[in-house]
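What follows is each chain in one-letter form.
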Amino acid sequence: MKRILALCVLACGASYAADVSDVKVRVLDGFGGDTGSVVSFCQTRAGAPYDPATVSRDVSALSQSGDYEQVNADATETSSGVEVVFYVKRKMVLRESPAVEGAEFFSESRIAAEAALKKGYRYGQSDFATAASNIRRLYNKKHFPDAKVTPVVSAGADGTCSLKFMVDEGRRMKLRDILFTGVGSVDEGDLRKAINDYPWWNPFGWFVDAPVTANQQEECVEKIAKVYRDAGYLDVKVEGPLRQGVGEDGMDVLFKVVEGPLYRVGRISVEGLTRYPAAAVLAKSEVPEPGSVAGETVLQDAAHSIEIAVGSGDLGLADSRVDVRRIGQDSDPTVVDLVFKVTEGVPVVLNDVKIRGNDYTKDRVIRREISLAPGDRMLADRADRSRKRLEQLDYFSRVSYKLEPAGLGKDAQGNEYRDLVYEVEEKNTGSFMVGVGASSVDSVFVSAELQQNNFDIFAPHKYFRGGGQRGRVYVQAGPRIQSYEASVTEPHLFGRFLEFEVEGYRRNRWYDEYDIIRSGAAASLSYPVKFWPSWEPFGRFGVRLSGEYIEFDDVDRGTWIYGEREVSLTEEERLYGDAVEPVLRVFWGHDSRDDRRMPKSGSRTQVFADVAPGGDNEYWRLGFLHRSYFNVWKRYGHVLMAGVRAETIDGLSDEVPIYNRMFLGGPKSIRGIEYRHVAPFAKRDEGGHGIPWGGQTLFCANFEYTVPIVKMLRLAAFTDLGSVGVDEFDVDFSDTFAWTVGVGVRLDIPMFPIRLDFGVPVEKPDDADKEVFSFTVGYDF
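About the criteria used
- Residues numbered from 1 in each chain as written.
- Predicted model: local features only at pLDDT ≥ 70, side-chain atom pairs only at ≥ 80, totals over all residues.
- Heavy atoms only, no water.
- Phe/Tyr/Trp six-rings, centres within 6.5 Å; stacked < 30°, edge-to-face > 60°.
- Buried < 20%, exposed > 50% of the residue type's maximum accessible area, 1.4 Å probe, protein only.
- Lys NZ or Arg CZ within 6 Å of the ring centre and 35° of its normal.
- Core = buried A, V, L, I, M, F, W, Y, C linked by side-chain atoms within 4.5 Å.
- Helix = DSSP H or I, 4+ residues; strand = E, 2+ residues; numbered from the N terminus.
- Pairing = 2+ DSSP bridges.
- Axes fitted to C-alpha atoms, helices over the stretch in contact; angles between N-to-C directions.
- Contact = heavy atoms within 4.5 Å.
- Expected span 1.5 Å × (residues − 1).
- Polar contact = N/O pair within 3.5 Å; in protein donor to acceptor, adjacent residues only side chain to side chain.

Undergrad: Looking at this structure, I do not really get the packing of aromatic side chains. What am I missing?
TA: The geometry of two aromatic rings is summed up by the distance between their centres and the angle between their planes. This model, assessed by the stated rule, comprises 18 aromatic pairs. Taken together, a centroid distance of 4.9 Å and an interplanar angle of 85° make the contact between Phe105 and Phe106 edge-to-face. What makes Phe105 partly exposed here is its relative accessible area of 39%. Ring geometry for Phe773 and Phe775: centres 5.6 Å apart, planes at 25°, overall stacked. Classification of Phe773 by relative accessible area gives partly exposed; the value is 36%. What makes Phe775 partly exposed here is its relative accessible area of 25%. Here Arg585 stacks its cationic end above the ring of Phe608, 3.9 Å away from the centre of that ring. The ring centre of Tyr511 lies 4.0 Å from the NZ or CZ of Arg676, which sits over that ring.

In structure tokens form, the structure reads like this:
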């Protein structure tokens, strides 16, 4: 549904001191009738103190109710107080199902189903336009590129209406191919990607619309030209779209390209500076190197970087503007000297920092990401970094900032007073996903996840949104695994950089030899730490306290030989079958990945130490995990991942139970070998096959090189190696060492990534079984 725009509330000055004298409603639709429901819906009341924010919330609430086509408000100061007037245009009630005229290919019932408009419901002009657009899209998918659908509304004086869709189907022409001429210097695949032209077998094409209509094809001209200009062909010309009939109902669309010369960067200079040396500004800016390609986006980014530098010095010159001039060299016109012309702004001191557009996100959630405050000098670099931090929250579809006059003139030093205004546009931050998954370890399972990244546990009236917390509920159920998890994370406890997380869980796992059920809760607290010499935040240091009840049952009967002693699962069950484990963990972690789901650069590191005193199982554990990602061939998206994991554990007063021991093997550690088979085994007899009993020291290294084939498909080559030692700090891995190599496929389907791997051992333990094929659903292991 087209978004209803609520006009901003008029409020002269910082705020009114007066009370609301009257609340009125003006209807813009001419239907008449009672308007009391509008007033009753609002929090603004006569006699209450006037608050522009409350009026703005009322406008948003009325718009979101779905009953109004248009809502805005006006506030006027009178001698008796503030008069607030709400202007509303109500939607109409559809008297009967929509009629259709001119449709031949689709039945009237099929078109009505696509329109999704029901008799007796309220609709506005924007709803009718959306329904017509949906019908056009239906025709477009069946190869009617020029189909026209016009909604004709007959409104009654009683607030009801009838609707008829006038359809002009046009000629049916199936888009066979999109052709290019004159393309030689740019990869044609990049052009097709820019215009959403994917072959049928590419999964990414299933989620986007191909350019089948005349308007979509005309928009392709600028998209194609943009690819060329970013590649340095600044004079490119694109002609089209030119339709060519193929057979009775087919067509090709042709784009003619005249590439022009490739431009490269020559000398770089800055003009117009009077308050800063040009060399100092260039040193703080990100500008292209001489000899590099003079792409359009590169030049725009360079100009913006200089603009930020000029606005970030000791003076903080706000409203500075930078334009780029390209001057071809006489000896070679394709080498352009870049002249950045600076129009200097004025020094500014902030009178106030305002936030607009946050209907449910609390102000404090936004303000804690802004590093400027009233009284500060306006520094463009800090304002821009704040904008990027707000974007990284992923709460908003758009974030921008601007300066507005404060009406206070200048201070004694000549600095202007301005208000810094951040404008945000909120987006959906919650998700609910239900799916069926499978893996070679967990078999088939169903899962459901409810997640809110802008959660507020104390705001049920806002559907638990707007507090900047993270909330998650997850359920997974299958024949070999069941998991129930819930967690809430507060990233700024007490308004500080303290991240506090609480979670509760119950995880059941059924192995061939025994079952384990872990039920527990945990709370963690972490803080960013700084290191010499930069003393900039680098990772987080924290503590985590957990309590867990472990049920170990349904064990296999019999005895095995583990090393030189006899062991049995029944004895493990007797000693450790129902155990309570309180665990204190101290950890440090750092995450610099560019994308937490599909990283191409950066790294993730965690170091931890556990101690479990006073419970039924007393032990200590040390661990280290690191993964680095290298974009080794950035142009083509080749990524190398290198990871290492090491852990060791030992009991404080007794042996380590089998369910706390360590194992490797399977799709998330050493591919090509059966799950948990890289570990010391307990055997029935000298030559017989036994069961994995696990060890107390683990080491694993993984290397993977992935190459994109299309947008959502990557090929991988990998090698994994590792081993598990019997005792703590046991680095003699000769008996359980494993090394595998293989290839795989990565289907990067959003929220449902699939990993298919084919691995073979180069070397494996004698007791371990091969697992040539493995697959999992999930992100990077």
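Once the structure has been displayed, the description carries forward.
Undergrad: I tried to follow the nonpolar core on my own but got confused; where do I start?
TA: The nonpolar side chains of soluble globular proteins are, as a tendency, buried together. Residues Leu117, Phe128, Ile135, Tyr139 and Phe165 are the most contacted members of the largest nonpolar core, which totals 22 residues. At 6 residues, the largest contribution of residues to this core is made by helix α4 (residues 125-141).

Undergrad: So what exactly am I meant to see when it comes to the sheet that holds strand β1 (residues 20-27) here?
TA: Each strand in a sheet pairs with another by means of backbone hydrogen bonds, the pair being arranged parallel or else antiparallel. A sheet is described by the order of its strands in space; here 3 strands give the open sequence β1-β3-β2, paired in mixed fashion. In this open sheet, the two edge strands, each paired with only one partner strand, are β1 and β2 (68-78). Recorded for the sheet is a direction-independent mean angle of 15° between the axes of neighbouring strands. Bridge analysis of β2 against strand β3 (residues 81-90) gives 10 bridges, and the strand direction is antiparallel. Pairing of Thr78 across the sheet is with Gly81, part of β3. Along the sheet, helix α2 (residues 52-64) makes contact with β2 and β3, crossing β2 at roughly 165°.

Undergrad: What is the right way to look at α4 in this model?
TA: Turn by turn, an α-helix covers 3.6 residues, leaving residues three or four places apart pointing in a common direction. End to end, α4 covers 25 Å across 17 residues, agreeing with the expected 24 Å (1.5 Å per residue, within 8%). Ser126, Asp127, Phe128, Ala131, Ala132, Ile135, Leu138, Tyr139 and Asn140 are the residues of α4 that are buried. Looking at the buried residues of α4, the elements they touch are β2, β4 (92-94), α3 (108-115), β6 (122-123), β7 (148-155) and β8 (160-168). Looking one or two places after α4, you find His143, whose phi comes out positive at around 75°.

Undergrad: For this particular structure, what's the right way to read the pairing of strand β22 (residues 481-493)?
TA: If a strand is regular, its side chains alternate between the two faces of the sheet. Bridge analysis of strand β21 (residues 469-477) against β22 gives 8 bridges, and the strand direction is antiparallel. Across the sheet, Gln476 pairs through a bridge with Ser483, a residue of β22. Following β21, the chain reverses through 3 residues before pairing antiparallel with β22. Across 11 bridges, the pairing between β22 and strand β23 (residues 498-510) is antiparallel. Bridge pairing links Glu485 to Tyr505 in β23.

Undergrad: Looking at this structure, I do not really get the side chain of Glu704. What am I missing?
TA: Inspection of the secondary structure assignment puts Glu704 in strand β35 (residues 697-710). Exposure remark for Glu704: the relative accessible area of 7% places this residue in the buried category. Side chain to side chain, Glu704 and Arg755 meet in a polar contact 3.5 Å long. Not counting chain neighbours up to four residues away, the residues in contact with Glu704 comprise Val639, Leu640, Met641, Arg671, Ala716, Ala717, Phe718, Arg746 and Arg755.

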